[in-house]
Amino acid sequence: MQSELAFSTGDLAHTRFAVSPMWEVVTSFRLLVSSPVPAPHRSWAEQVLPRLRAAGLDHGRLARLIPAGGYLADFLTPTPATPFPTLESELAAIRETPAEQVREDLRHLAADSPEPWELPRDDLSRVTAEIETYWELALGPYWARVRAVLEADVFHRARQVAEYGAAHLLNDLHTSVSWDDDTLRLVRRQCTITREGAGAGLILVPSVFAWPSVLTRIVVPDTPQLAYPARGFGTVWERRASADNDAIAAVIGRSRALLLAELETPASTTQLARRAGLSAAGVSQHLTALRDAGLVTAHRAGRSVLYARTTVADSLLAAAPA
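Predicted model only: the values in this text are computed from it and were never measured. (Residues numbered from 1 in each chain as written. Predicted model: local features only at pLDDT ≥ 70, side-chain atom pairs only at ≥ 80, totals over all residues. Heavy atoms only, no water.)

**Focus: the overall build of the protein chain**
Then step 1. The number of helices and strands found in the protein chain is 14 helices and 9 strands.
Then step 2. Rg of the C-alpha trace for the protein chain: 21 Å, near the compact-globule value of 20 Å for 322 residues, within the 12% margin.
Then step 3. When the backbone C-alpha atoms are referred to their principal axes, the protein chain occupies close to 60 × 50 × 35 Å.
Then step 4. Relative to its 322 residues, the protein chain shows a buried fraction of 49%.
Then step 5. Across the protein chain, the fraction of contacts at a sequence separation of at least 24, relative to all contacts at a separation of at least 6, is 69%.
Then step 6. Surface summary for the protein chain: the accessible area is close to 15200 Å², and the carbon and sulfur share equals 52%.
Then step 7. The protein chain carries 32 positive and 36 negative side-chain charges, and their two centres are separated by 7 Å. (Helix = DSSP H or I, 4+ residues; strand = E, 2+ residues; numbered from the N terminus. Rg over C-alpha atoms; globule rule 2.2 N^0.38 Å. Buried < 20%, exposed > 50% of the residue type's maximum accessible area, 1.4 Å probe, protein only. Contact = heavy atoms within 4.5 Å. Areas by Shrake-Rupley, 256 points an atom, 1.4 Å probe, with all protein chains shown as cover. Lys, Arg positive; Asp, Glu negative; His and termini not counted. Charge placed at Lys NZ, Arg CZ, Asp CG, Glu CD.)

**Some points on the sheet that holds strand β5 (residues 203-207)**
Backbone-to-backbone hydrogen bonds join strands into a sheet, with any given pair of strands oriented parallel or antiparallel.
Then step 1. Read across the sheet, 4 strands follow the order β2-β5-β7-β6 without closing on themselves; strand pairing throughout is mixed. The open sheet is flanked by β2 (16-17) and β6 (215-217), the only strands paired with a single partner.
Then step 2. Note: β5 against strand β7 (residues 225-229), 5 bridges, orientation parallel. Paired with I203 across the bridge in β7 is Q225.
Then step 3. Docked against the sheet, helix α8 (residues 143-164) engages β2, β5 and β7, running at close to 135° with respect to β5. (Pairing = 2+ DSSP bridges. Axes fitted to C-alpha atoms, helices over the stretch in contact; angles between N-to-C directions.)

**Thoughts on the side chain of S20**
Then step 1. Inspection of the secondary structure puts S20 in the loop between β2 and α2 (21-32).
Then step 2. Owing to a relative accessible area of 1%, S20 belongs among the buried residues under this scheme.
Then step 3. A polar atom in the side chain of S20 sits 3.1 Å from the backbone nitrogen of W23.
Then step 4. The contact partners of S20, leaving out residues within four places of it in the chain, are P80, P85, E90 and V205. (Polar contact = N/O pair within 3.5 Å; in protein donor to acceptor, adjacent residues only side chain to side chain.)

**Details of the packing of aromatic side chains**
Then step 1. A full pass over the atoms with the stated rule returns 8 aromatic pairs.
Then step 2. Seen in terms of ring centroids, W44 and W237 are 5.9 Å apart; in terms of plane orientation they differ by 5°. Their pairing is stacked. Taken together, the residues span a long stretch of sequence, with W44 in helix α3 (residues 42-55) and W237 in the loop between β7 and α10 (246-252) at a distance of 193 residues. An identical accessibility class is assigned to W44 and W237; each is buried.
Then step 3. Here the aromatic rings of F209 and W237 are separated by 6.3 Å at their centres, their planes lie at 45°, and the arrangement is tilted. On the criterion of sequence distance, the pair formed by F209 in the loop between β5 and β6 and W237 in the loop between β7 and α10 is long-range, its members being 28 residues apart.
Then step 4. Following the ring pairs from residue to residue traces out a cluster consisting of W44, Y142, F209 and W237. (Phe/Tyr/Trp six-rings, centres within 6.5 Å; stacked < 30°, edge-to-face > 60°.)

Given below as structure tokens:
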């Protein structure tokens, strides 16, 4: 099946990019409930799935709104107001979703589900609460890496436009997407895109978790959105450089350099203490200093806190001489 999105000069002028936390929530959650999880993301899924099951998110409201296949609730991906919206701003937009749109989305979901259900407006706050929990467990600790890939994709695409024009950009997004004769064509059975009743332009949303598909959002009168696999999405979980030398230790201390090296994947204070052979109290003090310096971030996961390296720390370790 092929769908088409016609472009006027004004539509091209209003085409823009957005890095959307909620698109990453939706695509990553769907990926986690897939079987099997696609190979590029299995190492991440192995870390995250036990946390989700412990929190009950595998059978909550979010799980019903984001099934493993078929339609996704459109109100979960509101139109990004800026190129880099925050999760908080997108959650606020979700809570303000018109009741009719929620009902329409649920009708679409019911077509693919043997158990029709309702979502009272008050439940939108509960949905966003589940999203916040999911973010802390599954995306927050890794967001620095994910966002770096998404931003790199946007900068690459912007350079394509500058060097070769918009047509080259649109033809390079995905094998199912093509541009010809002022029309964007999408060949995909489960994705449709149309200009009828839609807002001007197109919002292009790179995603680490969308592969191997492209996803669309058409909600009249909003601007159409197209989420596509970001360049380099497969590298996001690759092992980063570790501090196997004395250069970093000479600056920040051997224990802190060791902790940064151990944070190849997010970990709690207890886990780090066990791995590094340090006391939990000592690890806590070092992590506080590293966090104050912008080298680690902290994310609550149930009763514990997970620490993760920032992109600044990754760069520091990568730049250190071997």
